[in-house]
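One letter stands for each residue in the lines below.
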Amino acid sequence: MHILLFGSHAHQVPRLQRLLGSDHHVEGVDRLPSAGDIVSDVLVGMRLCASEAARVRCALLHAPGAGLDGLALDALPAHVRVCNVHEHEVPIAEFVTHAVLDWAIYREAPGRVDPEHWAHSYLQRPFHGEAQGQ
């Protein structure tokens, strides 16, 4: 089986090849060819314009993320199956929670909060509002 990783996912070739073993040929390219058919058993990537999508010759297009908005789905040949990653609600929720706290509170927090420095950091911390309602 030939698997082609493209765009920002091309650097994952060694890792995927190790996981799949020698029965599969994993290849990576920074950019898809600008002309001709794009042939592989599986394509893996998040960005595919209409002109690229129309030239895809594969059984599966895998988007290794939650969204499909970077893929010109309407331009894909009808036989191409598309899938993406799901069931990562917890990590996304954790990231959003962290981002909100970082924006509302931690951006002014002291850098050292380990046990040795915590008492001083706590007493010297800047006062902040709450994230609620912002």
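About the thresholds
- Residues numbered from 1 in each chain as written.
- Predicted model: local features only at pLDDT ≥ 70, side-chain atom pairs only at ≥ 80, totals over all residues.
- Heavy atoms only, no water.
- Helix = DSSP H or I, 4+ residues; strand = E, 2+ residues; numbered from the N terminus.
- Rg over C-alpha atoms; globule rule 2.2 N^0.38 Å.
- Buried < 20%, exposed > 50% of the residue type's maximum accessible area, 1.4 Å probe, protein only.
- Areas by Shrake-Rupley, 256 points an atom, 1.4 Å probe, with all protein chains shown as cover.
- Lys, Arg positive; Asp, Glu negative; His and termini not counted.
- Charge placed at Lys NZ, Arg CZ, Asp CG, Glu CD.
- Salt bridge = Lys/Arg side-chain N within 4 Å of Asp/Glu carboxyl O.
- Core = buried A, V, L, I, M, F, W, Y, C linked by side-chain atoms within 4.5 Å.
- Contact = heavy atoms within 4.5 Å.
- Pairing = 2+ DSSP bridges.
- Axes fitted to C-alpha atoms, helices over the stretch in contact; angles between N-to-C directions.
- 1 Å grid on protein atoms, 1.4 Å probe; cavity = no way out; pocket = protein on both sides within 12 Å on 5 of 7 lines; lining within 4 Å.
- Points joined across faces, edges and corners; volume = space filled by probe spheres on them.
- Nonpolar A, V, L, I, M, F, W, Y, C, P; charged D, E, K, R; others polar.

Engineer: Mind showing me how you'd approach the overall build of the protein here?
Structural biologist: When you go through the protein residue by residue, the secondary structure sums to 4 helices and 7 strands. Its helices and strands taken in sequence order, the protein reads β-α-β-β-β-α-β-β-β-α-α from the N to the C terminus. Taking 134 residues into account, the globule formula puts the C-alpha radius of gyration at 14 Å, and the protein, at 22 Å, lies well above it. Projected onto its principal axes, the C-alpha coordinates of the protein cover approximately 65 × 35 × 25 Å. Here the protein holds 134 residues, and the buried ones make up 26% of them. Just so you have it, the protein exposes about 9400 Å², and 57% of that area is on carbon and sulfur atoms. Across the protein, the 10 positively charged side chains and the 16 negatively charged ones have centroids separated by 4 Å.

Engineer: I tried to follow the pattern of salt bridges on my own but got confused; where do I start?
Structural biologist: Between side chains of opposite charge, a pair can form as their charged atoms come close. Throughout the structure, instances matching the rule amount to 1 salt bridge. For the salt bridge of Arg57 with Asp37, the shortest nitrogen-to-oxygen distance reads 3.7 Å. Taken as a pair, Arg57 in strand β5 (residues 56-57) and Asp37 in the loop between β2 (25-29) and β3 (38-39) lie far apart in primary sequence, 20 residues in all. We classify Arg57 as partly exposed; its relative accessible area is 34%.

Engineer: Explanation requested: the nonpolar core in the structure shown.
Structural biologist: The tendency in soluble globular proteins is for nonpolar side chains to be buried as a group. Counting 15 residues, the largest nonpolar core has Leu43, Leu48, Val56, Leu61 and Leu76 as the members making the most contacts within it. Going through the elements one at a time, β1 (2-6) and β6 (60-63) are the ones with two or more residues in this core. Dropping the residues within four chain positions of it, Leu48 is found in contact with Phe6, Leu32, Ala53, Val56, Leu61, Gly70, Leu71, Ala72 and Leu76. With 6 residues, the next largest nonpolar core counts Ile3, Leu5, Val13 and Val26 among its residues.

Engineer: Honestly, the sheet that holds strand β7 (residues 81-84) in this entry has me stumped. Any pointers?
Structural biologist: Note: strands within a sheet are paired through backbone hydrogen bonds, in either parallel or antiparallel orientation. If you walk across this open sheet you meet the 5 strands as β2-β1-β4-β6-β7, and the pairing is parallel. Looking at which strands have only one partner, the edges of the open sheet turn out to be β2 and β7. Adjacent strand axes in the sheet meet at a mean angle of 20°, parallel and antiparallel pairs treated alike. Bridging between β1 and strand β4 (residues 42-44) involves 3 bridges; their strand directions are parallel. Along β4, the bridge assignment pairs Ile3 with Val42. Sheet contacts for helix α1 (residues 13-20): β1 and β2; angle to β2, the most-contacted strand, approximately 170°.

Engineer: Explain the environment of Leu20 here, please?
Structural biologist: On the secondary structure map, Leu20 appears in helix α1. With a relative accessible area of 32%, Leu20 lands in the partly exposed category. When sequence neighbours within four positions are dropped, the list of residues in contact with Leu20 reads Ile3 and Val26.

Engineer: Looking at this structure, I do not really get the layout of surface pockets. What am I missing?
Structural biologist: Volume-wise, the largest pocket comes out at about 220 Å³. Taken together, Ile3, Leu5, His9, Gln12, Arg15, Leu16, Leu19, Leu20, Val42, Val44, His62 and Pro64 form the lining of the largest pocket. Elements supplying a minimum of two residues to the lining of the largest pocket: β1, α1 and β4. A per-element tally of the lining of the largest pocket places α1 first, with 4 residues. Considered class by class, the residues forming the lining of the largest pocket number 8 nonpolar, 3 polar and 1 charged.

Engineer: Honestly, the pairing of β6 in this entry has me stumped. Any pointers?
Structural biologist: Two faces, one strand: in a regular strand the side chains alternate between the faces of the sheet. Taken together, the 3 bridges between β4 and β6 define a ladder with parallel strand orientation. Within the sheet, the bridge partner assigned to Val42 lies in β6 and is Leu60. The pairing of β6 with β7 spans 4 bridges and is classified as parallel. Bridging from a neighbouring strand, His62 pairs with Cys83 of β7.

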